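# Reading the structure
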Amino acid sequence: RLRAYLDPPRIKLETTVLDASPQVNFAETFLPGMLVLALMFVSQGLGADLWKEHQMGTLRRAAAMPQSLGAFLAGKTLAAAVVMAGVGVAGLALAWWLVGLRLSRLPAALVWVTASGAAFFLLLSLVQMAASSPRTGNLLASVVIFPLAMLGGSFFPFEAMPAWMVAVGKRTPNGWALQQLKGILEQQVEPQGLGLA
């Protein structure tokens, strides 16, 4: 009796996809924010180096040199930019390996990461030097970094944040740098716009 229902089957299953939502790549979403966060932490460490130079008397000797103290600080900034470029190479190589980032986007992204890292170094050095001691400077830099990272898309991507938080986060220095980096990686930023930035 069952053979009449089972062979051939009386029910035919047809499937249709109504709305195919794009798959979210976890690495592609989080890597730019993590790279900007790494730049901020490296900047904090390099900014603390100025306190060591102060304690060892290097800054006092540098002030007595024929070159200006500005030249000494420009050299420190250039050295920090080289370190940031190294961090950028490592982070972008990881993005190339995990996400399959196109090689044509890497040079502009590396230039942006290096420039952003140097700017973070200057900003966090200024914050640390405003403190009265190295320990206070480190604490003050942490107090600045963590809220910026929280709002600026490093801990949570902008796509996962409420609209009011995104509006605030995109106006932070790291949020703005992150937006530009994502635009470079997605080829949505023109070279002249990047130069103005």
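Residues numbered from 1 in each chain as written. Predicted model: local features only at pLDDT ≥ 70, side-chain atom pairs only at ≥ 80, totals over all residues. Heavy atoms only, no water.

### Considerations on the pattern of salt bridges
A side chain of one charge can pair with a side chain of the opposite charge when the charged atoms of the two come close. Note the threshold: Salt bridges are defined by distance alone: a side-chain nitrogen of Lys or Arg within 4 Å of a carboxyl oxygen of Asp or Glu. Helix and strand assignments come from DSSP, with helices taken as H or I runs of at least 4 residues and strands as E runs of at least 2, each series counted from the N terminus. Burial here depends on accessible area, computed with a 1.4 Å probe over protein chains only, as a share of the maximum for the residue type. Under 20% is buried, over 50% is exposed, and the range in between is partly exposed.
What the rule picks out here adds up to three salt bridges. Between aspartate 49 and lysine 76 there is a salt bridge; the shortest N-O distance is 2.5 Å. Pair noted here: aspartate 49 is in helix H2 (residues 26–55) and lysine 76 is in helix H4 (residues 69–99), with a separation of 27 residues, a long-range link. Residue classification places lysine 76 among the buried residues on the basis of a relative accessible area of 16%. Salt bridges linked by common partners bring Asp49, Glu53 and Lys76 together as one network.

### Notes on the packing of aromatic side chains
Where two aromatic rings form a pair, the distance of their centres and the angle of their planes describe that pair. What counts, and what does not: The criterion for an aromatic pair is that two Phe, Tyr or Trp rings (for Trp, the six-membered ring) have centres within 6.5 Å, with stacked assigned to planes under 30 degrees apart, edge-to-face to planes over 60 apart and tilted to the rest. Note on geometry: a ring has a charge over it if NZ (lysine) or CZ (arginine) is within 6 Å of the ring centre and within 35 degrees of the ring normal.
A full pass over the atoms with the stated rule returns three aromatic pairs. Summarising the aromatic geometry, the rings of phenylalanine 41 and phenylalanine 146 are spaced 5.7 Å apart at their centres and angled 55° between planes, so their arrangement reads as tilted. Here phenylalanine 146 lies in helix H6 (residues 134–151) and phenylalanine 41 lies in helix H2, a separation of 105 residues in the sequence. Each member of the aromatic cluster is reached from another via a ring pair, and the members are Phe41, Phe146 and Phe155. Lying across the ring of phenylalanine 158, lysine 170 places its NZ or CZ 5.8 Å from the centre.

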